[in-house]
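Listed below, chain by chain, are the residues.
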Amino acid sequence: MAETSTITYVRGDATAPPGKGVQVIAHVCNDLGGWGKGFVVALSRRWSEPEAAYRRWHRERASNDFGLGAVQLVRVGEHLWVANMVGQRGIRTGRSSGPPVRYEAIDAALATLGGHALDLGASVHMPRIGCGLAGGRWSSVEPLVTARLTGRGVPVTVYDQ
């Protein structure tokens, strides 16, 4: 049984995780193929690959696994990956009823990410996923991160600006 660890909370930039070893930067995307607001802006300032891969994944969705709960790992450095996790149904508009966050999709994506992180021997770094533009509550997301990542022995750091 893997040793359980707790989530480490730090102030800083989730796109620039400190430390050594393999690292995965995880974030939540919508299911519309839209990329351009929130945390993805910081990702795109640093690397072009995550956005290009996400847009291609969405464009070719008829022949791949794109959809709520899916994960796409994009390599951006020798020991650095970005995990595009589809955990948001649509985007918030003036007519929206409720926030676009989908906790069950984030849960499924985190379960997949946990397997990848264990295979890679990676730590996971993230903002408070699903709690920005997706409109989710960290009190609902945190237990998913604990169950799917730290509870399986994957070290997780959450970054607050």
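Everything here concerns the structure above.
Keep in mind that what you see is a predicted model, and the values were worked out from it rather than measured. (Residues numbered from 1 in each chain as written. Predicted model: local features only at pLDDT ≥ 70, side-chain atom pairs only at ≥ 80, totals over all residues. Heavy atoms only, no water.)

Draft legend 1. Summary view of the environment of L144. If you trace the backbone, L144 turns up in helix α4 (residues 138-148). Measuring from C-alpha to C-alpha, the distance between L144 and R75 comes to 24 Å, with 69 residues separating the pair along the chain. Setting aside anything within four residues of it in sequence, one finds L144 in contact with Y103, I106, D107, L110 and L149. (Helix = DSSP H or I, 4+ residues; strand = E, 2+ residues; numbered from the N terminus. Contact = heavy atoms within 4.5 Å.)

Draft legend 2. Region of interest: the packing of aromatic side chains. Counted according to the given criterion, the structure contains four aromatic pairs. Consider the rings of W35 and Y54, whose centres lie 5.3 Å apart with planes at 40°: the pair is tilted. With W35 in the loop between β2 (23-30) and α1 (39-46) and Y54 in helix α2 (residues 49-59), this pair connects stretches of sequence that are 19 residues apart. Using a relative accessible area of 10% as the deciding quantity, one classes W35 as buried. With a relative accessible area of 0%, Y54 lands in the buried category. Centre to centre, the rings of Y54 and F66 are 5.9 Å apart; their planes meet at 55°, and the pair counts as tilted. Of this pair, Y54 sits in helix α2 while F66 sits in the loop between α2 and β3 (71-77), and the two are 12 residues apart along the sequence. (Phe/Tyr/Trp six-rings, centres within 6.5 Å; stacked < 30°, edge-to-face > 60°. Buried < 20%, exposed > 50% of the residue type's maximum accessible area, 1.4 Å probe, protein only.)

Draft legend 3. Seen up close, the pairing of strand β4 (residues 80-88). Extensive coverage of β4 is indicated by the burial of nine of its nine residues. Of the pairings in the sheet, the one linking β2 to β4 comprises eight bridges and is parallel in character. Looking at β4, one finds that C29 is bridged to V86. Alignment of β3 against β4, held across six bridges, turns out to be antiparallel. Paired with R75 across the two strands is W81, which belongs to β4. As consecutive antiparallel partners, β3 and β4 are separated by two residues. (Pairing = 2+ DSSP bridges.)

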